[in-house]
Amino acid sequence: DEDDEEVAENTGELSLRGNHERVLHPEAFAAGMPLAGVLSSGYRKLGMLVEHLETRSWEMEAMGGKHRVTADWVLKEIDKFAQGLGKWLKVAGDDKSEILNHSIYSRPLTEHKTMVEFGAFVGYTATRMGRAVQVCYEKGYEDGSILFEDSRLQGCNRVTTMEIDPVHACIARHVLDMGRLSHIVEVWIGQVKDLIPRLGEEYGAMSLNMVFMDQRGTTFHDDLSQLEELGLMFPSCRIVADNTVKPGSPVYNWHTTVSECYDTINYSLNEFLEATIEDWQVVCDYKGPLAGNCGRTRPMPWSHLMRHEAKEWQPEAE
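Here is what the cut-offs are and how they apply
- Residues numbered from 1 in each chain as written.
- Predicted model: local features only at pLDDT ≥ 70, side-chain atom pairs only at ≥ 80, totals over all residues.
- Heavy atoms only, no water.
- Helix = DSSP H or I, 4+ residues; strand = E, 2+ residues; numbered from the N terminus.
- Buried < 20%, exposed > 50% of the residue type's maximum accessible area, 1.4 Å probe, protein only.
- Contact = heavy atoms within 4.5 Å.
- Areas by Shrake-Rupley, 256 points an atom, 1.4 Å probe, with all protein chains shown as cover.
- Axes fitted to C-alpha atoms, helices over the stretch in contact; angles between N-to-C directions.
- Parallel < 35°, antiparallel > 145°, perpendicular 65-115°, else oblique.
- Left-handed = near helix turned anticlockwise from the far one by under 90°.
- Nonpolar A, V, L, I, M, F, W, Y, C, P; charged D, E, K, R; others polar.
- Pairing = 2+ DSSP bridges.
- Right-handed = clockwise from strand over helix to strand, strands pointing away.
- Core = buried A, V, L, I, M, F, W, Y, C linked by side-chain atoms within 4.5 Å.
- Disulfide = S-S within 2.5 Å.
- Salt bridge = Lys/Arg side-chain N within 4 Å of Asp/Glu carboxyl O.
- Expected span 1.5 Å × (residues − 1).
- Polar contact = N/O pair within 3.5 Å; in protein donor to acceptor, adjacent residues only side chain to side chain.

### Side note on the overall build of the protein chain
Check the secondary structure of the protein chain and you find 12 helices and 9 strands. Looking at the protein chain as a whole, 43% of its 318 residues qualify as buried. Considering only residue pairs separated by 6 or more positions, the protein chain has 73% of its internal contacts joining residues 24 or more positions apart. As presented, the protein chain carries roughly 18,100 Å² of accessible surface, and 55% of it is formed by carbon and sulfur atoms.

Structure below.
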C-alpha cells in the first residue's frame, strides 16, 4: 500500500517503487553505521584511489590502439595519485622502490621458491613483485629456458601477500587484477603470525627466497623468529624491512645486525614524498640455520638489565 511505502521511506528502510525495484534510502545509514562512522574515513580515501584507477583505465580503453592497462601502468598511476590528491597514501615508492627492485631482481626464481609480503595495503608492492616475476618468465619464454607447459609445474603462485584488513585485501586484489597479475600473486587475509604456518603447509620447508616486511614494525622480530623456527627461509633468502625507524622496529634492527645468521645493510633514506623525514630500510640475507651462532640462544638487548633488577629484588641473607 501507499501508506506502507510512506512509512518505509520515513524510517529509512527499503521501499518498493512501481517497477518493484528495491531502493535503499540514505537515511538507512544512521550515525552508528560503518559508512558514516569515524573508521570509514580511511576507506573513503582508498575509494578515491580505486575511482582514480578505474577512471584512468576507462580512458585507456577508450583510446585503444597500443594503450593497454599493464602492471607498470598501474604502478605509475598509483604514484601519480600519491603525488596529487592522495598525498596521504604512503607506499614504498621513490628510493625505497629502487632498493626493493634491486632486491627482487637479485633473487633468482629457483624452482618451488616463492616470495612473500607482510602487509599488502593497496597492493602496490605486491604488484611490483609480481611484475618482476612476470618479466623473468617473459625472458625465460624468449630464450627457451622456461617452457610454458613447465612453468605451471614450478610450484603455485610465486608471490604471496598477507593483509589483516579485509577491505585493504579486496582493494589489493582489485589492483592486482587490473595489472593482470592475479595468476602470479595471491592475497591471504589474516594476521601474519597466524598465516606464517600456512606457508609451510602450502609451499613446504625452505620455500621462501624473499620476504618483504611492511606490517606493524613492533612485530618484525616475532615474525622473523617464527620464520626461523619453522625453517621456511631458504639459505640466501633476502629480507627487506620497511619503516624500521618510523614507526620503528628496534628489536628487529638489533637482531639482524648482531646475529651471525644475517648479512645486513641498513639504508637511510627519506620517507615517500617526505624530504624532511628520515626512515630506514633494512636489507639482510639469511645465511641458513647452521651459520655462526644460529644454533645458540641469543640474549635480548635488555637481558642484562633484567638480571640487574633481579639481583636488587633478591632478599639479603641473614
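### Examining the packing of helix α3 (residues 71-83) against helix α5 (residues 124-143)
Where α3 contacts α5, the axes come no closer than 10 Å and their chain directions differ by 150°. When the interaxial angle is binned, α3 and α5 end up roughly antiparallel. Crossing angle aside, the handedness with which α3 passes α5 is left-handed. Counting all contacts with α3, which are made through A71, D72, L75, I78 and D79, the residues of α5 involved are Y124, T127, R128 and R131. Taken together, the residues of the contact of α3 with α5 break down into 4 nonpolar, 1 polar and 4 charged.

### As for the pairing of strand β4 (residues 159-163)
Each regular strand carries side chains that alternate between the two faces of the sheet. Within β4, 5 of the 5 residues are buried, which leaves the element mostly enclosed by the surrounding structure. Neither face of β4 is exposed, since V159, T161 and E163 on one face and T160 and M162 on the opposite face are all buried. When strand β3 (residues 114-118) meets β4, the two strands line up parallel, connected through 4 bridges. Within β4, the residue paired with E117 across the bridge is T161. Inspection of the sheet shows β4 paired to strand β5 (residues 185-189) by 5 bridges, in the parallel sense. From the neighbouring strand, T160 faces β5, where its bridge partner is E186. In terms of handedness, the path from β4 via helix α7 (residues 166-178) over to β5 forms a crossover that is right-handed.

### Focus: the nonpolar core
In this structure, F118, L199, V211, M213, L227, I239 and Y252 are the most contacted members of the largest nonpolar core, which totals 26 residues. Elements with a contribution of two residues or more to this core: β3, α8 (192-203), β6 (208-213), α9 (220-230), β7 (233-241) and β9 (274-286). With 5 residues, α8 is the largest single contributor of residues to this core. L227 has contacts with F118, I196, L199, L208, V211, M213, L232 and M233, leaving out every residue within four places of it along the chain.

### A closer look at the state of the cysteines
Within the structure shown, the criterion is met by 0 disulfides. In this structure C237 is a free cysteine whose sulfur lies 8.5 Å from that of C284, the closest cysteine sulfur available. Note on C237: relative accessible area 1%, which makes it buried.

### A few points about the environment of L208
Here L208 is to be found in strand β6. When its relative accessible area of 0% is taken as the criterion, L208 is described as buried. Residues L208 and L227 lie 19 residues apart in sequence; the distance between their C-alpha atoms is 9.5 Å. In contact with L208, not counting residues within four places along its chain, are T114, V116, L199, L227, L232, M233, F234 and C237.

### Some thoughts on the pattern of salt bridges
A complete count under the given rule lists 8 salt bridges for this structure. Of the charged contacts in the structure, one is a salt bridge between R56 and E77, with a shortest N-O distance of 3.3 Å. Of this pair, R56 sits in helix α2 (residues 40-63) while E77 sits in helix α3, and the two are 21 residues apart along the sequence. Given a relative accessible area of 2%, E77 falls into the buried group. In this structure, the salt-bridge partner of E77 is K80, at a minimum N-O distance of 3.6 Å. In this pair, E77 and K80 are both assigned in helix α3, 3 residues apart and thus about one turn of the helix distant.

### A word on α7
Between the first and last C-alpha of α7 there are 18 Å, a value that for 13 residues agrees with the 18 Å anticipated at 1.5 Å per step. H168, A169, I171, A172, V175, L176 and M178 are the residues of α7 that are buried. Residue D165 occupies the N-cap position of α7, its side-chain oxygen lying 2.9 Å from the main-chain nitrogen of V167. Looking one or two residues beyond α7, the residue adopting positive phi is R180, at roughly 60°.

### Here's the deal with the pairing of β6
The element β6 is largely enclosed, with a buried count of 6 among its 6 residues. Sheet analysis places β3 next to β6, joined by 5 bridges and oriented parallel. Paired with E117 across the two strands is F212, which belongs to β6. Judged from the 5 bridges that link them, β6 and β7 form a sheet pairing that is parallel. Looking across to β7, one finds that F212 is bridged to V240.

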